[in-house]
Amino acid sequence: MQHPDEQLAKGRPPETEPAVGAPRVGAQRGSAGPEALAAREPEPDRTATAVGRLASTVERLRRELDQAQADGAGRAVLEMAVGVLVERLRCGPTEAARQLEGLAEQAGVTTLALAADLLNQAAADQISALAREFVAGAAIRSEEAARTDGAAVRAGAAARGADPVALRLRSTEADTIAGGDAATAARSMLDHALRPLGVAAVAIWAAHPDLSLSLAGSAGFQPEEARRWRHVPPGVPTPARRALDERTAIGYHVLADASLPSIGQHDVRGGRLAVPAGVGGRLIGVLEICWREALPEQSQPLQRQFEALAGVAAATLESWDPREFPSADSADSQFDELRQLTDGLFDPCLVLRVAPEDGEVPPRFVVRHVNPSFVDFAGRPTAAIVGSRLLEAYPLAAEPGGLAEKVEHVFASGEPFRTPDMRLAALVDGVPLTTRAQVSISRHGSHLVVVWRLDDGTPRVARLLQHAQRLGRIGGFEENLRTRQIVWNDSLFELHGLPPTAQPISIDQLAEHAHPDDRHTIGRFLRTLLHHRRPASTAFRLQRPDGVTRHIRVVAEPVRDPRSGLRLVRGAYQDISAQHWTEVALAATRDQLAQSEQQAAERSRLALQLQHAIMPPTRGPLDLHDLHVAVRYRPAEKDHLVGGDWYDALALPTGDVLLCVGDVAGHGIEAATGMVALRNALRGLAATGAGPGQLLSWLNSVTHHLTDNVTATAVCGLYEPATRRLRWARAGHPPPVLLREGRARTLPQVGGILLGALDQADYEEDEFVLEAGDTLVMYTDGLIERRDESLQASLTHLTTLSERAHRDAAVSANGLEGHLDHLLQYSSADTDDDTCLVGVAVRRPGS
């Protein structure tokens with residue numbers, strides 16, 4: 001099949017029919033009239049008010065209007081392309097539109113893209129040159145792709161219709177032709193061609209023979225900024241002036257760094273590019289392009305795009321009349337005076353005028369200016385309000401008796417309108433927002449001034465303050481020291497026990513109504529306030545006329561006149577009687593707590609002294625027969641947590657050696673005394689020659705019957721030096737650890753319940769023979785206990801730690817004491833309990 005361009009070149013239409021449902025350019029354009037809009041309008045909510053339906057309709061029609069304006073440039077490009085086909089094919093507009101749709105379907109592109117392509121082929125301007133460069137580059141890329149996928153025809157067709165640069169420029173050109181003025185050209189350039197390049201604003205300057213500049217059109221700037229820059233006198237070194245003087249494009253990476261004045265220098269502070277605009281070699285203006293970020297890199301294709309847009313700007317400047325400049329109205333002296341007047345008001349203010357093109361009755365009003373105090377109660381920016389129609393910005397103002405009706409009445413009659421309460425409403429994204437305000441409307445020539453003061457809730461705040469004063473028992477006062485006039489609020493009379501008709505008490509007579517013991521305090525307060533003229537406060541006891549004494553706090557400040565003289569004293573009284581008695585109770589509680597803490601500290605000190613008397617924290621090693629015994633004790637981190645850990649190692653009359661470690665539950669003096677009782681009882685029982693199991697059974701009875709609710713754990717062992725046999729038993733205590741030839745293990749966990757739980761209990765015994773060089777470690781749970789680990793995991797960690805200590809030469813050099821120190825230092829326990837270790841080493845012969 002031949003390409004559509006080849007068919008056109010031969011003067012005959014393509015053989016394919018347009019796609020079903022494809023848009024009909026020209027024939028169906030403009031078919032969406034009022035009847036079609038009415039047919040598409042959804043059925044209104046029956047519960048909505050008439051004003052609400054009207055506002056929704058206005059908002060929908062405004063969106064459709066914006067969409068129609070956005071599509072206007074595209075329709076202009078389509079119409080020009082249809083004209084090219086009419087000239088080439090010698091057919092009517094309807095047939096040419098169908099052929100354009102068919103060609104677009106065959107080429108696989110949109111109708112708008114093909115229309116721009118036809119214009120680029122038919123024209124010989126700068127935009128066409130840019131389009132041919134783009135198409136040539138795309139064709140080369142398409143041929144390379146065709147060699148890999150075999151789709152040369154489709155790729156070539158896509159290349160012919162996929163020129164976004166030319167499409168944007170043609171859309172800009174068409175929109176400018178339709179508008180015919182520089183302001184429209186600036187908006188079209190920004191919307192169609194420049195915004196995709198990151199541009200934030202654009203200005204078109206007209207040059208005059210006296211070297212001055214006029215702002216012919218702009219887009220992206222605030223209206224006030226455009227009015228301020230409507231005329232630039234000769235000699236001002238702006239970027240536009242430099243571009244005209246040097247007759248070439250001038251770029252600034254960041255405008256602020258160049259220190260040149262220009263439009264939008266405070267809002268659009270990024271890169272700037274000024275491109276001269278001329279016709280026939282004669283420069284008549286400048287196109288100034290503004291970025292919020294830094295100036296992007298200026299490639300050659302990008303520069304040619306900007307030059308093409310400057311050509312479009314020059315075409316509009318040829319027919320531009322300074323008298324038609326939209327900002328020229330600001331030269332109206334009456335409006336300038338009105339604007340200066342409203343800018344000095346503290347209340348939000350709008351300046352309205354009748355729409356200049358409007359001849360309807362009633363007239364439609366446009367928001368021409370808002371003062372600096374204006375804040376839209378719907379939260380919209382000021383730029384969204386200025387320049388819009390009143391009923392577009394506030395469509396709900398059309399309700400009966402609403403703002404629009406009052407504005408029309410004032411404009412027609414000239415009579416001012418004022419109301420202390422009016423409902424103001426706005427529709428934002430379909431959500432109605434309302435507020436109450438005081439509104440004033442007046443006419444000034446052809447303009448209307450609308451002033452509103454939104455309800456800030458001042459009466460509600462006053463009521464809340466009254467309730468707060470009542471609940472907080474606070475009363476305020478103000479006293480004029482020159483006129484002796486005193487002002488009290490109602491709650492202050494009640495606080496002083498006086499009727500509302502009584503004479504208020506002067507500040508310097510306050511001591512006469514206070515307790516005699518507090519008069520000296522009030523004297524210091526008055527000296528600070530009246531003599532030193534500084535804010536002051538104090539507390540005193542007020543003796544009221546009804547005989548009641550209240551605790552009062554007064555706070556006051558001096559108020560000076562312009563000559564720094566003392567004019568007023570104002571302040572507040574607060575009844576703090578309840579707070580005073582609460583503080584008294586708290587003080588008594590604090591005293592009791594301090595006494596309790598002192599008693600507890602004394603008990604802890606006694607318990608610690610008792611524990612140290614029985615078990616010194618540092619005790620030298622013992623030699624019992626062939627055993628070398630060392631002890632380490634680490635107290636709890638907190639002094640009040642004195643525990644009941646105990647140990648004992650002594651030679652018995654039978655020749656055996658008693659080795660034991662125990663832990664009494666709890667802390668404090670009770671645990672310490674229980675520890676002393678159990679330790680001494682076990683010493684006495686061991687003298688009988690009984691075995692360790694029997695000793696723990698007797699010790700259990702002692703714990704259960706002779707102590708006060710004490711429970712404990714213990715390990716008891718009897719060592720026979722002649723045979724090196726060790727018999728041992730345990731009562732709910734962790735088993736000892738045996739280190740032999742570098743390998744550590746825990747002894748079997750023989751059965752035995754903790755001491756004191758039952759009145760009678762039996763305890764199993766176990767025995768083994770110690771060898772020369774063995775080390776046995778007996779300990780309390782403070783060495784291994786962790787909140788996040790099981791007992792077995794803690795025991796495994798202890799055996800590993802013992803083996804590591806044996807292999808460490810530095811630890812081994814310090815013998816048994818170094819081994820125990822290593823276990824204490826690297827223990828994994830995370831509780832703050834006290835810890836006791838007893839280490840037993842069997843000496844080798846001759847050592």
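Reference entry: report on the structure contained in this document. Computed from a prediction, not measured in an experiment: that's the story for all the values here.

### Topic: the overall build of the protein
Next up, step 1: Counting its regular elements, the protein contains 25 helices and 27 strands.
Next up, step 2: Burial analysis of the protein (847 residues in total) assigns 45% to the buried set.
Next up, step 3: In the protein, once contacts between residues fewer than 6 apart in sequence are set aside, the share between residues at least 24 apart is 60%.
Next up, step 4: For the protein, the computed accessible surface area is about 42,800 Å², with 52% contributed by carbon and sulfur atoms.

### Here we look at the pattern of salt bridges
Next up, step 1: Applying the stated rule across the entire model yields 30 salt bridges.
Next up, step 2: Salt-bridge contacts for R272 lead to E288; the nearest nitrogen and oxygen are separated by 2.7 Å. Residue R272 is located in strand 5 (residues 272-279), and its partner E288 is located in strand 6 (residues 282-291); the two are separated by 16 residues in the primary sequence.
Next up, step 3: On the accessibility criterion, E288 (1% relative accessible area) is buried.
Next up, step 4: Two residues, R786 and E789, come together in a salt bridge whose shortest N-O distance is 3.9 Å.
Next up, step 5: The network of salt bridges with shared partners includes R473, R550 and D575.

### Section: the packing of aromatic side chains
Next up, step 1: Taken as a whole and assessed by the stated rule, the structure comprises eight aromatic pairs.
Next up, step 2: A ring pair is formed by F377 and Y394, whose centres lie 5.6 Å apart and whose planes are at 25 degrees; its orientation type is stacked. With F377 in the loop between strand 8 (365-370) and helix 15 (390-393) and Y394 in the loop between helix 15 and helix 16 (403-413), the pair connects residues that are 17 residues apart, well separated along the chain. In this structure, F377 and Y394 share a single accessibility class: buried.
Next up, step 3: In this structure, R368 packs its charged tip against the face of F335, placed 3.7 Å from the ring centre.
Next up, step 4: Between the NZ or CZ atom of R443 and the centre of the ring of F411, over which it lies, the distance is 4.2 Å.

### Brief notes about a nonpolar patch on the surface
Next up, step 1: Among the surface-exposed residues, I753, L754 and L758 lie close enough to one another that they form a single nonpolar patch of about 210 Å² accessible area.
Next up, step 2: Along the chain, L758 turns up in the loop between strand 24 (743-746) and strand 25 (766-769).
Next up, step 3: L758 sits in the partly exposed class, given a relative accessible area of 42%.

### Focus: the sheet that holds strand 3 (residues 231-232)
Next up, step 1: Strand order in this open sheet of six strands is 3-2-1-6-5-4, and the pairing throughout is antiparallel. Edge strands, defined here as strands with exactly one partner in the open sheet, are strand 3 and strand 4 (250-252).
Next up, step 2: Note that strand 1 (residues 199-207) and strand 2 (residues 213-219) share six bridges and pair antiparallel. Its bridge partner being in strand 2, A206 is matched across the sheet by S214.

### Side note on the packing of helix 9 (residues 182-194) against helix 13 (residues 300-318)
Next up, step 1: Between helix 9 and helix 13, whose axes approach to 9 Å, the crossing angle comes to 160 degrees. The angle between the axes of helix 9 and helix 13 places the two elements in the roughly antiparallel class. For the pair helix 9 and helix 13, the crossing hand works out as right-handed. Note on element contacts: helix 13 touches helix 9 through F306, L309, V312, A313 and T316, opposite A182, A185, M189, A193 and L194.
Next up, step 2: Among the residues making up the contact of helix 9 with helix 13, the classes are represented as nine nonpolar, one polar and no charged.

### Structural notes on the nonpolar core
Considering soluble globular proteins, one finds that nonpolar side chains tend to be buried as a cluster.
Next up, step 1: By size, the foremost hydrophobic cluster in this structure holds 30 residues, and its most contacted members are M189, L194, V202, I204, L287, I289 and F306.
Next up, step 2: Breaking this core down by element, the ones donating at least two residues are helix 9, strand 1, strand 2, strand 5, strand 6 and helix 13.
Next up, step 3: Here this core takes eight residues from helix 13, the largest share from any one element.
Next up, step 4: Judged by nonpolar contacts, the second largest core, of 29 residues, contains A378, V410, A426 and W452.

### Concerning the environment of I486
Next up, step 1: By secondary structure assignment, the location of I486 is in strand 13 (residues 486-488).
Next up, step 2: For I486, a relative accessible area of 16% puts it in the buried group.
Next up, step 3: In this structure the C-alpha to C-alpha distance between I486 and R570, which are 84 residues apart in sequence, comes to 9.6 Å.
Next up, step 4: Sequence-distant contacts of I486, defined by excluding residues within four places in its chain, comprise E478, E479, P504, I505 and S506.

### Comments concerning the side chain of D648
Next up, step 1: Inspection of the secondary structure puts D648 in strand 19 (residues 644-651).
Next up, step 2: By relative accessible area, which is 2% here, D648 ends up buried.
Next up, step 3: Of the polar contacts made by the side chain of D648, one reaches the side chain of R683; its length is 2.5 Å.

### Some words on the sheet that holds strand 9 (residues 417-428)
Next up, step 1: With respect to topology, five strands assemble into an open sheet ordered 8-7-11-10-9, the strand pairing being antiparallel. In this open sheet, the two edge strands, each paired with only one partner strand, are strand 8 and strand 9. Along the sheet, successive strands turn relative to each other by an average axial angle of 40 degrees, direction set aside.
Next up, step 2: In this structure, strand 10 (residues 431-444) lies alongside strand 11 (residues 447-454), joined through eight bridges in antiparallel fashion. If you follow S442 over to strand 11, its bridge partner there is V449.

### Let's talk about the side chain of R730
Next up, step 1: Mapped onto the fold, R730 is located in strand 22 (residues 725-731).
Next up, step 2: An unpaired buried charge is present at R730: no salt bridge exists, and E764, the closest side chain of opposite charge, is 8.0 Å distant.
Next up, step 3: Separated by 2.6 Å, the side chain of R730 and the backbone oxygen of H733 make a polar contact.
Next up, step 4: For R730, the side chain forms a polar contact with the main-chain oxygen of V750, separated by 2.9 Å.
Next up, step 5: Apart from residues no more than four positions distant in its own chain, R730 is found in contact with L696, A714, V715, Q749, V750, G751, G752 and Y763.

### A closer look at unusual backbone geometry
Next up, step 1: In this structure, R247 takes a positive phi of about 55 degrees despite not being glycine.
Next up, step 2: Tracing the backbone shows R247 in the loop between helix 11 (239-246) and strand 4.
Next up, step 3: A relative accessible area of 54% means that R247 is categorised as exposed.
Next up, step 4: Although it is not a glycine, E741 sits at a positive phi angle of roughly 55 degrees.

### Describing helix 23 (residues 791-807)
Next up, step 1: If you check helix 23, its first and last C-alpha atoms are 25 Å apart, about what 17 residues at 1.5 Å a residue would give, namely 24 Å.
Next up, step 2: Regarding helix 23, the residues found buried are S794, L795, L798, T799, L801, S802, E803 and A805.
Next up, step 3: Residues of helix 23 that are buried sit in contact with strand 23 (737-740), strand 24, strand 26 (775-779), helix 24 (809-813) and helix 25 (815-825).

### Some thoughts on helix 21 (residues 669-686)
Next up, step 1: The end-to-end C-alpha distance of helix 21, which contains 18 residues, comes to 26 Å, matching closely the 26 Å that a straight helix rising 1.5 Å per residue would cover.
Next up, step 2: For helix 21, the set of buried residues is I669, A671, A672, G674, M675, V676, L678, R679, A681, L682, L685 and A686.

### Remarks on the environment of A630
Next up, step 1: Mapped onto the elements, A630 comes out in strand 18 (residues 627-634).
Next up, step 2: Residue A630 is classed as buried on the basis of its relative accessible area of 1%.
Next up, step 3: Sequence spacing of A630 and V777 is 147 residues, and the spatial spacing of their C-alpha atoms is 9.7 Å.
Next up, step 4: Excluding anything up to four places from it in sequence, A630 contacts P621, L816, E817, L820, L837, V838 and G839.

### Some words on the pairing of strand 22
Next up, step 1: With six of its seven residues buried, strand 22 lies for the most part within the structure.
Next up, step 2: Between strand 21 (residues 712-720) and strand 22, which pair antiparallel and follow one another directly, the connecting turn spans four residues, one of which, R724, has a positive phi of 55 degrees.
Next up, step 3: Summarising the sheet, strand 22 and strand 25 pair through four bridges and their orientation is antiparallel. The residue bridging L726 from the neighbouring strand is F768, located in strand 25.

### Some thoughts on the packing of helix 23 against helix 25
Next up, step 1: Closest axis-to-axis distance for the helix 23/helix 25 pair is 10 Å, and the angle between their directions is 135 degrees. As the angle between them shows, helix 23 and helix 25 are arranged oblique. For helix 23 against helix 25, the interelement crossing comes out right-handed. For the pair helix 23 and helix 25, contact is made by L798, L801, S802, A805 and H806 and by H819, H822 and L823, respectively.
Next up, step 2: Class assignment of the residues belonging to the contact of helix 23 with helix 25 gives a composition of four nonpolar, four polar and no charged.

Conventions adopted
- Residues numbered from 1 in each chain as written.
- Predicted model: local features only at pLDDT ≥ 70, side-chain atom pairs only at ≥ 80, totals over all residues.
- Heavy atoms only, no water.
- Helix = DSSP H or I, 4+ residues; strand = E, 2+ residues; numbered from the N terminus.
- Buried < 20%, exposed > 50% of the residue type's maximum accessible area, 1.4 Å probe, protein only.
- Contact = heavy atoms within 4.5 Å.
- Areas by Shrake-Rupley, 256 points an atom, 1.4 Å probe, with all protein chains shown as cover.
- Salt bridge = Lys/Arg side-chain N within 4 Å of Asp/Glu carboxyl O.
- Phe/Tyr/Trp six-rings, centres within 6.5 Å; stacked < 30°, edge-to-face > 60°.
- Lys NZ or Arg CZ within 6 Å of the ring centre and 35° of its normal.
- Patch = residues over 30% accessible without salt bridge, like charges linked within 9 Å, V, L, I, M, F, W, Y side chains within 5 Å.
- Pairing = 2+ DSSP bridges.
- Axes fitted to C-alpha atoms, helices over the stretch in contact; angles between N-to-C directions.
- Parallel < 35°, antiparallel > 145°, perpendicular 65-115°, else oblique.
- Left-handed = near helix turned anticlockwise from the far one by under 90°.
- Nonpolar A, V, L, I, M, F, W, Y, C, P; charged D, E, K, R; others polar.
- Core = buried A, V, L, I, M, F, W, Y, C linked by side-chain atoms within 4.5 Å.
- Polar contact = N/O pair within 3.5 Å; in protein donor to acceptor, adjacent residues only side chain to side chain.
- Lys, Arg positive; Asp, Glu negative; His and termini not counted.
- Expected span 1.5 Å × (residues − 1).

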